[in-house]
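# Chain and residue survey
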Amino acid sequence: MRLDKLLEELQFGSRKTVKRLIRGKQVTVDGIVTLNESQNVDAQLQMIKVKGQLISHKTHVYYMLNKPKGVVSAVSDASKKTVIDLIAPQDRRPGLYPVGRLDGDTEGLLLLTDNGQLGYQLIRPNKEVAKCYEVKVNGLVSAEDCAKFKDGIVLQGGIQCKPAKITVLAATETESHVFLTIQEGKFHQVKRMVQACGKKVTDLERLSMGPLTLDRKLEIGTFRRLTKEELEKLTIFGVEV
Ligand code: URA
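The structure reproduced in this document is the subject of the present report.

In the vicinity of the ligand, the contacting residues are Leu102, Asp103, Thr106, Tyr133, His188, Gln189, Val190, Lys191 and Leu204. Residue Thr106 places a side-chain N or O atom 2.8 Å away from an oxygen atom belonging to the ligand. Between the ligand and His188 there is a distance of 3.2 Å, counted from an oxygen atom to a backbone nitrogen or oxygen. Within the complex, 95% of the 240 Å² of free accessible area of the ligand lies under protein. In this structure the site holding the ligand corresponds to the largest pocket. Here the shell around the ligand is composed, by residue class, of four nonpolar, three polar and two charged.

In spatial order, the strands read S2-S1-S3-S4; together these four strands make up an open sheet with antiparallel pairing. Sheet topology places strand S2 (32-33) and strand S4 (53-54) at the edges, where each strand pairs with a single neighbour. Across two bridges, strand S3 (residues 48-50) lies against S4 in antiparallel orientation. Note that in S4 the partner of Val50 across the bridge is Gln53.

On to the state of the cysteines. In this structure the tally under the stated criterion is zero disulfides. Note on Cys146: no disulfide assigned, nearest cysteine sulfur contributed by Cys197 at a separation of 8.6 Å. Overall, the relative accessible area of 11% leaves Cys146 in the buried class. Sulfur of Cys161: no disulfide; nearest cysteine sulfur belongs to Cys197 and is 10 Å away. Of the residues examined, Cys161 reaches a relative accessible area of 3% and is grouped as buried.

What counts, and at which threshold
- Residues numbered from 1 in each chain as written.
- Predicted model: local features only at pLDDT ≥ 70, side-chain atom pairs only at ≥ 80, totals over all residues.
- Heavy atoms only, no water.
- Near = heavy atom within 4 Å.
- Polar contact = N/O pair within 3.5 Å; in protein donor to acceptor, adjacent residues only side chain to side chain.
- Areas by Shrake-Rupley, 256 points an atom, 1.4 Å probe, with all protein chains shown as cover.
- 1 Å grid on protein atoms, 1.4 Å probe; cavity = no way out; pocket = protein on both sides within 12 Å on 5 of 7 lines; lining within 4 Å.
- Sits in = over half its atoms within 2 Å of the grid points.
- Nonpolar A, V, L, I, M, F, W, Y, C, P; charged D, E, K, R; others polar.
- Pairing = 2+ DSSP bridges.
- Helix = DSSP H or I, 4+ residues; strand = E, 2+ residues; numbered from the N terminus.
- Disulfide = S-S within 2.5 Å.
- Buried < 20%, exposed > 50% of the residue type's maximum accessible area, 1.4 Å probe, protein only.

Written as C-alpha coordinates, this is what we have:
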(Lines give C-alpha, C1' and ligand atoms only; values in the text may rest on other atoms or scores of the structure.)
Protein backbone atom coordinates (compact mmCIF):
# COMPACT_ATOMS: atom_id res chain seq x y z
CA MET A 1 0.00 0.00 0.00
CA ARG A 2 1.15 3.59 -0.61
CA LEU A 3 2.79 5.11 2.46
CA ASP A 4 0.54 8.19 2.50
CA LYS A 5 -2.61 6.05 2.13
CA LEU A 6 -1.51 3.73 4.93
CA LEU A 7 -0.84 6.62 7.33
CA GLU A 8 -4.14 8.24 6.41
CA GLU A 9 -5.98 4.95 7.03
CA LEU A 10 -4.20 4.63 10.36
CA GLN A 11 -5.63 8.05 11.16
CA PHE A 12 -2.43 10.06 11.35
CA GLY A 13 -4.45 12.79 9.63
CA SER A 14 -5.82 13.77 6.25
CA ARG A 15 -3.81 12.94 3.13
CA LYS A 16 -2.54 16.56 3.19
CA THR A 17 -1.42 16.29 6.84
CA VAL A 18 0.28 12.97 6.16
CA LYS A 19 2.16 14.38 3.16
CA ARG A 20 3.33 17.24 5.38
CA LEU A 21 4.60 14.73 7.96
CA ILE A 22 6.53 12.87 5.26
CA ARG A 23 7.98 16.02 3.71
CA GLY A 24 8.88 17.19 7.22
CA LYS A 25 11.14 14.09 7.57
CA GLN A 26 8.97 12.70 10.38
CA VAL A 27 8.51 9.27 8.82
CA THR A 28 11.07 6.47 8.60
CA VAL A 29 10.84 3.12 6.85
CA ASP A 30 13.26 0.51 8.18
CA GLY A 31 15.25 3.23 9.89
CA ILE A 32 15.63 5.48 6.85
CA VAL A 33 13.88 8.83 6.51
CA THR A 34 11.64 8.73 3.48
CA LEU A 35 10.41 11.69 1.48
CA ASN A 36 8.58 9.47 -0.98
CA GLU A 37 4.90 9.58 -0.08
CA SER A 38 3.91 7.18 -2.85
CA GLN A 39 6.44 4.55 -1.73
CA ASN A 40 4.89 1.09 -1.48
CA VAL A 41 5.12 -0.25 2.05
CA ASP A 42 3.99 -3.29 4.00
CA ALA A 43 3.32 -2.52 7.65
CA GLN A 44 3.46 -6.21 8.55
CA LEU A 45 6.98 -6.62 7.12
CA GLN A 46 8.57 -3.19 7.47
CA MET A 47 9.37 -1.08 10.50
CA ILE A 48 7.54 2.18 9.95
CA LYS A 49 7.87 5.00 12.45
CA VAL A 50 6.09 8.34 12.69
CA LYS A 51 7.86 10.91 14.87
CA GLY A 52 9.97 8.06 16.22
CA GLN A 53 6.96 5.94 17.24
CA LEU A 54 6.48 2.51 15.72
CA ILE A 55 3.09 2.25 14.05
CA SER A 56 2.79 -1.52 14.47
CA HIS A 57 0.21 -1.11 17.27
CA LYS A 58 -1.98 0.65 14.76
CA THR A 59 -1.73 -1.96 12.07
CA HIS A 60 -4.50 -4.26 13.24
CA VAL A 61 -7.79 -3.73 11.48
CA TYR A 62 -11.13 -3.21 13.21
CA TYR A 63 -14.26 -3.26 11.08
CA MET A 64 -17.89 -2.58 11.92
CA LEU A 65 -20.14 -4.71 9.74
CA ASN A 66 -23.89 -4.31 9.42
CA LYS A 67 -24.51 -8.02 9.07
CA PRO A 68 -27.36 -9.03 6.80
CA LYS A 69 -29.52 -12.12 7.23
CA GLY A 70 -28.45 -15.23 5.36
CA VAL A 71 -24.74 -14.90 6.15
CA VAL A 72 -22.95 -16.97 8.79
CA SER A 73 -20.65 -15.48 11.46
CA ALA A 74 -17.74 -17.74 10.59
CA VAL A 75 -14.37 -17.42 8.91
CA SER A 76 -15.17 -20.13 6.38
CA ASP A 77 -18.05 -22.42 5.52
CA ALA A 78 -18.33 -25.20 2.98
CA SER A 79 -21.64 -24.04 1.54
CA LYS A 80 -22.78 -20.75 3.07
CA LYS A 81 -21.68 -17.17 2.55
CA THR A 82 -19.67 -15.90 5.53
CA VAL A 83 -19.18 -12.46 7.03
CA ILE A 84 -15.59 -12.54 5.72
CA ASP A 85 -17.00 -12.78 2.17
CA LEU A 86 -18.59 -9.36 2.80
CA ILE A 87 -15.21 -7.74 3.42
CA ALA A 88 -13.67 -6.30 0.26
CA PRO A 89 -10.72 -8.52 -0.81
CA GLN A 90 -8.19 -5.69 -0.37
CA ASP A 91 -9.38 -5.19 3.25
CA ARG A 92 -9.13 -8.85 4.25
CA ARG A 93 -6.22 -9.78 6.49
CA PRO A 94 -4.81 -13.11 7.61
CA GLY A 95 -6.53 -13.99 10.88
CA LEU A 96 -9.55 -11.72 10.33
CA TYR A 97 -12.48 -13.06 12.35
CA PRO A 98 -15.85 -11.97 13.78
CA VAL A 99 -15.83 -11.11 17.49
CA GLY A 100 -18.69 -13.20 18.83
CA ARG A 101 -21.41 -14.55 16.62
CA LEU A 102 -24.83 -13.64 15.37
CA ASP A 103 -27.18 -16.30 14.05
CA GLY A 104 -27.59 -16.64 10.29
CA ASP A 105 -31.00 -14.95 10.45
CA THR A 106 -29.87 -12.11 12.78
CA GLU A 107 -28.72 -8.80 11.38
CA GLY A 108 -26.89 -5.81 12.78
CA LEU A 109 -23.68 -4.90 14.53
CA LEU A 110 -20.74 -7.25 14.18
CA LEU A 111 -17.12 -6.38 14.92
CA LEU A 112 -14.37 -8.01 12.88
CA THR A 113 -10.66 -7.79 13.58
CA ASP A 114 -7.35 -9.55 13.05
CA ASN A 115 -6.40 -8.77 16.66
CA GLY A 116 -6.70 -12.20 18.26
CA GLN A 117 -6.52 -10.87 21.82
CA LEU A 118 -9.47 -8.55 21.38
CA GLY A 119 -12.05 -11.28 20.94
CA TYR A 120 -10.98 -12.89 24.18
CA GLN A 121 -11.02 -9.57 26.04
CA LEU A 122 -14.43 -8.54 24.74
CA ILE A 123 -16.42 -11.76 24.89
CA ARG A 124 -14.90 -13.74 27.74
CA PRO A 125 -17.74 -14.94 30.00
CA ASN A 126 -17.00 -12.77 33.05
CA LYS A 127 -16.57 -9.54 31.08
CA GLU A 128 -20.32 -8.70 31.15
CA VAL A 129 -20.51 -6.80 27.90
CA ALA A 130 -24.00 -5.35 27.39
CA LYS A 131 -25.54 -6.19 24.04
CA CYS A 132 -28.71 -4.43 22.95
CA TYR A 133 -31.08 -6.03 20.44
CA GLU A 134 -34.19 -4.85 18.68
CA VAL A 135 -36.51 -7.83 18.75
CA LYS A 136 -39.83 -8.62 17.08
CA VAL A 137 -41.91 -11.31 18.75
CA ASN A 138 -44.94 -13.20 17.42
CA GLY A 139 -47.26 -12.38 20.33
CA LEU A 140 -47.93 -10.13 23.27
CA VAL A 141 -44.94 -9.40 25.51
CA SER A 142 -46.87 -8.86 28.71
CA ALA A 143 -45.98 -7.10 31.96
CA GLU A 144 -45.54 -10.58 33.43
CA ASP A 145 -43.00 -11.46 30.70
CA CYS A 146 -41.13 -8.19 31.33
CA ALA A 147 -40.90 -9.04 35.04
CA LYS A 148 -39.37 -12.42 34.12
CA PHE A 149 -36.75 -10.73 31.90
CA LYS A 150 -35.91 -8.26 34.68
CA ASP A 151 -35.60 -11.01 37.30
CA GLY A 152 -33.61 -13.34 35.04
CA ILE A 153 -35.28 -15.77 32.66
CA VAL A 154 -34.93 -19.48 33.30
CA LEU A 155 -34.32 -21.20 29.96
CA GLN A 156 -35.73 -24.60 29.07
CA GLY A 157 -33.52 -27.12 30.85
CA GLY A 158 -33.30 -24.88 33.92
CA ILE A 159 -30.45 -22.61 32.82
CA GLN A 160 -30.66 -19.32 34.71
CA CYS A 161 -30.00 -16.08 32.80
CA LYS A 162 -28.85 -12.86 34.41
CA PRO A 163 -31.40 -10.04 34.70
CA ALA A 164 -32.00 -8.30 31.37
CA LYS A 165 -33.32 -4.85 30.51
CA ILE A 166 -36.45 -4.78 28.39
CA THR A 167 -38.32 -1.84 26.87
CA VAL A 168 -41.55 -2.54 25.05
CA LEU A 169 -41.97 -0.27 22.05
CA ALA A 170 -45.27 -1.75 20.86
CA ALA A 171 -47.29 -4.79 21.86
CA THR A 172 -50.42 -6.39 20.43
CA GLU A 173 -51.85 -9.91 20.73
CA THR A 174 -50.11 -10.87 17.48
CA GLU A 175 -46.82 -8.94 17.52
CA SER A 176 -44.54 -7.12 19.95
CA HIS A 177 -41.54 -4.96 19.35
CA VAL A 178 -38.96 -4.59 22.13
CA PHE A 179 -35.46 -3.45 22.94
CA LEU A 180 -33.65 -6.06 24.99
CA THR A 181 -30.25 -5.66 26.65
CA ILE A 182 -28.41 -8.72 27.92
CA GLN A 183 -25.00 -9.12 29.56
CA GLU A 184 -24.29 -12.67 28.47
CA GLY A 185 -23.75 -14.50 25.21
CA LYS A 186 -25.35 -17.90 25.59
CA PHE A 187 -26.06 -19.84 22.40
CA HIS A 188 -29.25 -18.43 20.74
CA GLN A 189 -29.82 -16.57 23.98
CA VAL A 190 -32.43 -14.03 22.90
CA LYS A 191 -34.44 -16.62 20.99
CA ARG A 192 -34.34 -19.02 23.93
CA MET A 193 -35.35 -16.28 26.41
CA VAL A 194 -38.36 -15.40 24.28
CA GLN A 195 -39.16 -19.10 23.87
CA ALA A 196 -39.15 -19.44 27.67
CA CYS A 197 -42.08 -16.97 27.64
CA GLY A 198 -43.94 -19.19 25.16
CA LYS A 199 -43.29 -17.00 22.12
CA LYS A 200 -41.01 -16.84 19.11
CA VAL A 201 -38.56 -14.25 17.79
CA THR A 202 -39.53 -13.26 14.25
CA ASP A 203 -36.86 -10.61 13.70
CA LEU A 204 -33.59 -9.88 15.52
CA GLU A 205 -31.12 -7.05 15.06
CA ARG A 206 -28.12 -6.19 17.26
CA LEU A 207 -27.86 -2.46 17.90
CA SER A 208 -24.90 -2.27 20.26
CA MET A 209 -22.15 -4.26 21.93
CA GLY A 210 -20.29 -2.74 24.87
CA PRO A 211 -19.25 0.77 23.88
CA LEU A 212 -19.95 0.23 20.15
CA THR A 213 -23.23 1.25 18.54
CA LEU A 214 -24.37 0.25 15.08
CA ASP A 215 -23.81 3.09 12.64
CA ARG A 216 -27.24 3.57 11.07
CA LYS A 217 -25.59 5.10 7.99
CA LEU A 218 -23.91 1.75 7.32
CA GLU A 219 -26.09 -0.06 4.81
CA ILE A 220 -26.93 -3.69 5.52
CA GLY A 221 -24.15 -5.89 4.16
CA THR A 222 -21.51 -3.14 4.23
CA PHE A 223 -18.63 -2.43 6.60
CA ARG A 224 -16.25 0.34 7.56
CA ARG A 225 -13.22 0.76 9.77
CA LEU A 226 -13.87 1.76 13.35
CA THR A 227 -13.23 5.47 13.84
CA LYS A 228 -10.57 6.81 16.18
CA GLU A 229 -13.35 7.70 18.66
CA GLU A 230 -14.73 4.14 18.57
CA LEU A 231 -11.25 2.70 19.14
CA GLU A 232 -10.82 5.07 22.07
CA LYS A 233 -14.14 3.91 23.51
CA LEU A 234 -12.94 0.29 23.31
CA THR A 235 -9.73 1.26 25.11
CA ILE A 236 -11.66 3.06 27.85
CA PHE A 237 -13.85 -0.03 28.12
CA GLY A 238 -10.70 -1.97 29.01
CA VAL A 239 -9.94 -3.58 25.66
CA GLU A 240 -6.45 -3.17 24.20
CA VAL A 241 -6.49 -2.21 20.53
N1 URA B 1 -29.37 -14.19 20.55
C2 URA B 1 -29.87 -15.00 19.60
O3 URA B 1 -30.77 -15.80 19.85
N4 URA B 1 -29.35 -14.92 18.38
C5 URA B 1 -28.39 -14.04 18.02
O6 URA B 1 -27.97 -14.00 16.86
C7 URA B 1 -27.87 -13.19 19.02
C8 URA B 1 -28.38 -13.29 20.28
